[in-house]
Amino acid sequence: MARVAVVVFPGSNCDADTLAAAREAGSEAYYVWHRETDLQRADVVILPGGFSYGDYLRSGAIARFSPIMTAVAGHARAGGPVLGICNGFQILCEAGLLPGGLVRNARLRFLARPTWVRVEATDTPFTCLYEKGDVLEIPIAHGDGRYVADERTVAQLEASGQVVWRYVRDNPNGSTHEIAGVCNAARNVVGIMPHPERRNAPVLGGQDGARVFHAMEARHATQHAVDVRAVGDRHLRV
Amino acid sequence: MSRYRVEVRVMPRATLLDPQGQAVQRALHALGFGDVGDVRVGKHLVLDVQADSRDEALAHARAMCDRLLANPVTEDYDLAVEAA
């Protein structure tokens, strides 16, 4: 069972759905309030969607300085998986844990509707159960979802396969290179604008997002078995 | 220690599309202000800062912009400082 910390900021509103999706996938998920400084031995950290601090100044700009973010940055530096969904993605960009930034949608409107994204990279802790090229139907709900970065950064992201999801059919917010999600150079920190936690069961209209959460559990199980073998064959798990 | 009034102007980076500015421009055109060209919308912050000198107030304000008030990826800023 992977221990999954779902960080709650004032104004988070997808924390309960995210916690439920992680539990549904078999993880031991729990909330961590943003004023705390300890992630309680988390294997995976998720920054959920919402409108932390009312999106004041810029989306994610103030949450990025919450006390818990020091521990999140430490977890990321140590190679621990971190997923930012929507506002969580914005916070990770503001914190410098992911390259680029997210600005106002090109056509101004707040968009809450399904989108289609293609999985472009499967070598991340959150996409390892998908096939490259899979097209997923996952909804968005954002006003500031247009991913931007300077030309050099975008070229670098493309060259090193750090674009994890890309919008297909249409680009809802005008993001550069149709980017819907990216990862850092070490590939353990991942951000996505659409909400996989809102598509993890047929009753929600589909389950294209479920494997994001199953991946955390699958990866944890594999990693654990490897760790045990490394200690000695006597403790090899069957 | 003196008090300084620091004004920070934060603008979306010139190379980035500014949909807010475009919407305002269209509204102005609709109102008959056809002579308006490009419009860009930014933010104006006014801070009351304690410092030993104007230079110190400026340096502090610059640090605030670099850390929080402006996003170096998407925005540019400029500062004006005067004794309060």
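For the structure, see preceding data.
Draft legend 1. Focus on the sheet that holds strand S7 (residues 135–142) of chain A. Residues and elements named next belong to chain A. A sheet is described by the order of its strands in space; here nine strands give the open sequence S2-S1-S3-S4-S11-S10-S9-S6-S7, paired in mixed fashion. Edge strands, defined here as strands with exactly one partner in the open sheet, are strand S2 (28–33) and S7. Averaged over all pairs of adjacent strands, the angle between strand axes in this sheet comes to 25 degrees, irrespective of strand direction. Summarising the sheet, strand S9 (residues 163–168) and strand S10 (residues 179–183) pair through three bridges and their orientation is antiparallel. Residue pairing in the sheet places Trp165 in a bridge with Gly181 of S10. Its contacts with the sheet place helix H1 (residues 15–24) against strand S1 (3–8), S2, strand S3 (44–47) and strand S4 (82–85), and it is angled at close to 155 degrees to S2.

Draft legend 2. The arrangement of the sheet that holds strand S2 (residues 43–51) of chain B in detail. All names here are of chain B. Taking strand neighbours across the sheet as the criterion, the three strands line up as S2-S1-S3 in an open arrangement whose pairing is antiparallel. The strands lining the two open edges of the sheet, one partner per strand, are S2 and strand S3 (75–83). Averaged over all neighbouring strand pairs, the angle between strand axes comes to 25 degrees, with direction disregarded. Of the pairings in the sheet, the one linking strand S1 (residues 2–12) to S3 comprises nine bridges and is antiparallel in character. Residue Val8 lies in a different strand from S3, and its bridge partner there is Leu79. Running over the sheet, helix H2 (residues 54–69) touches S1, S2 and S3 and is turned about 155 degrees from S3.

Draft legend 3. Structural detail: the interface of chain B and chain A. Counting residues at the interface gives 15 residues for chain B and 15 residues for chain A. For the pair chain B and chain A, the two sides together bury roughly 1,200 Å², of which 65% comes from carbon and sulfur. At the junction of chain B and chain A, the tally comes to one salt bridge. Across the salt bridge formed by Glu75(B) and Arg58(A), the nearest N and O atoms sit 3.5 Å from each other. Scanning the region where chain B abuts chain A turns up six residue pairs in polar contact (both at pLDDT 80 or more). Contributing elements (two or more residues each) for the side of chain B that touches chain A: helix H1 (19–30), S2 and H2 of chain B. Each residue belonging to the side of chain B that touches chain A can be placed in one class, and the counts come to nine nonpolar, three polar and three charged.

Draft legend 4. Quick look at the pairing of S4(A). Residues and elements named next belong to chain A. Residues Val82 and Gly84 line one face of S4 and the alternating positions Leu83 and Ile85 line the opposite face, and both faces are buried. As defined by bridge partners, S3 adjoins S4 across three bridges and the pair is classed as parallel. Residue pairing in the sheet places Leu47 in a bridge with Gly84 of S4. In terms of handedness, the path from S3 via helix H2 (residues 68–77) over to S4 forms a crossover that is right-handed. With four bridges connecting them, S4 and strand S11 (residues 189–192) associate as parallel partners. Of the residues in S11, the one forming a bridge with Gly84 is Gly191.

Reading guide: rules and limits
Within any chain, residue numbers begin from 1 and follow the written order of that chain's sequence. Here every chain gets a letter starting at A, and every ligand a number starting at 1, in the order they are written. In view of the model being predicted, local features appear only for residues whose pLDDT reaches at least 70, and side-chain atom pairs are presented and counted only at 80 or more, with totals across whole chains, interfaces and linings using the full set of residues. Hydrogen atoms and water are omitted, and side-chain values are computed over all heavy atoms in the structure. Between any two strands, pairing holds if DSSP finds at least two bridges. In this text, helices come from DSSP runs of H or I with a minimum length of four residues, and strands from runs of E with a minimum of two, each type numbered from the N-terminal end. Angles here are taken between N-to-C directions and fall from 0 to 180 degrees, while the axes themselves are lines fitted to C-alpha atoms, restricted in helices to the stretch in contact. Note on definitions: a residue-residue contact is assigned when non-hydrogen atoms from the two residues lie within 4.5 Å. Two parts lose some accessible area (1.4 Å probe) when they are put together, and adding that loss for both gives the buried area. The term salt bridge refers to a pairing of a side-chain nitrogen on Lys or Arg with a carboxyl oxygen on Asp or Glu at a separation within 4 Å. Distance and chemistry together define a polar contact, namely a pair of N or O atoms within 3.5 Å, with one atom able to donate a hydrogen and the other to accept it when in protein, and with adjacent residues in sequence counting only for side-chain atoms on both sides. All residues other than Ala, Val, Leu, Ile, Met, Phe, Trp, Tyr, Cys, Pro, Asp, Glu, Lys and Arg, Gly among them, are scored as polar; the first ten of these are nonpolar and the last four charged. For every residue, the accessible area obtained with a 1.4 Å probe (protein chains only) is divided by the maximum for its type, and the residue is called buried under 20%, exposed over 50%, and partly exposed between those limits. Seen with its strands pointing away from the viewer, a crossover is right-handed if its path from the first strand over the helix to the second goes clockwise.

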